[in-house]
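For reference, the chains in residue letters:
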Amino acid sequence: MRNAALVLGIVAGLIGMMVGFAGYGYTAAVEYFGEIDGIARQVDDVDQLRLLAVISPILALAGGAMALSRALWGGVLLLASAAGLYAGFGLNVFTIFPISLALLGGLLALAAGKPDEPKAHF
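As the structure is a prediction and not an experimental result, all values here were calculated from the model.

A word on the environment of Met-17. Within the secondary structure, Met-17 sits in helix H1 (residues 2-33). Exposure remark for Met-17: the relative accessible area of 30% places this residue in the partly exposed category. Each C-alpha atom, one on Met-17 and one on Val-54, is 7.6 Å from the other, the two residues being 37 residues apart in sequence. Not counting the four nearest positions on each side in its chain, Met-17 is found in contact with Pro-57 and Leu-61.

See below:
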């Protein structure tokens, strides 16, 4: 399950990066060129969308990378990534895969049968 969480987290992070680049670029383009009636309008909270567009894919990549050695931390990061993508972009045709992959990877990491080895955290 840890290997599946690793792969799902990395794939979710890569697809999430594409969604994040598009979202960030859209807000920058509307900010620069202005709104076009019926075609392009600015989102309600630009700063929130830009922050989540950057942070959420990073959380998915980090959570996937941590899933092998620290399944609990990796699972929490993957679930936070799924929540961030949903909060920033909602559920649509472009976000359904990164959200569902991060969510499934997070659940698999949390459900990993072997507990983490006791190690010092610092």
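What follows concerns the packing of helix H3 (residues 71-89) against helix H4 (residues 96-110). At a closest axis distance of 8 Å, the pairing of H3 and H4 adopts a crossing angle of 155 degrees. Taken as axis vectors, H3 and H4 run roughly antiparallel relative to one another. Between H3 and H4 lies a crossing whose hand is left-handed. Contacts between H3 and H4 involve Ala-71, Leu-72, Gly-75, Val-76, Leu-78, Leu-79, Ser-81, Ala-82, Leu-85 and Tyr-86 from the former and Pro-98, Ile-99, Ala-102, Leu-103, Gly-105, Gly-106, Leu-107, Ala-109 and Leu-110 from the latter. The residue makeup of the contact of H3 with H4, split by class, is 15 nonpolar, four polar and no charged.

Turning our attention to the side chain of Ser-81. When you line up the elements, Ser-81 lands in helix H3. What Ser-81 contacts, discounting residues up to four positions off in sequence, is Ser-56, Leu-59, Ala-60 and Ala-102.

Listed under "transmembrane region" (unreviewed entry) in the UniProt record, and renumbered for this structure, are residues 51-73 and 85-112. Across residues 51-73, the secondary structure splits into 83% helix and 0% strand, with the terminal C-alpha atoms separated by 21 Å. Between the C-alpha atoms that bound residues 85-112 there is a distance of 24 Å. The span itself is 71% helix and 0% strand.

Definitions and cut-offs
Residues numbered from 1 in each chain as written. Predicted model: local features only at pLDDT ≥ 70, side-chain atom pairs only at ≥ 80, totals over all residues. Heavy atoms only, no water. Helix = DSSP H or I, 4+ residues; strand = E, 2+ residues; numbered from the N terminus. Buried < 20%, exposed > 50% of the residue type's maximum accessible area, 1.4 Å probe, protein only. Contact = heavy atoms within 4.5 Å. Axes fitted to C-alpha atoms, helices over the stretch in contact; angles between N-to-C directions. Parallel < 35°, antiparallel > 145°, perpendicular 65-115°, else oblique. Left-handed = near helix turned anticlockwise from the far one by under 90°. Nonpolar A, V, L, I, M, F, W, Y, C, P; charged D, E, K, R; others polar. UniProt positions renumbered as here; feature names shortened; annotations may be inferred.

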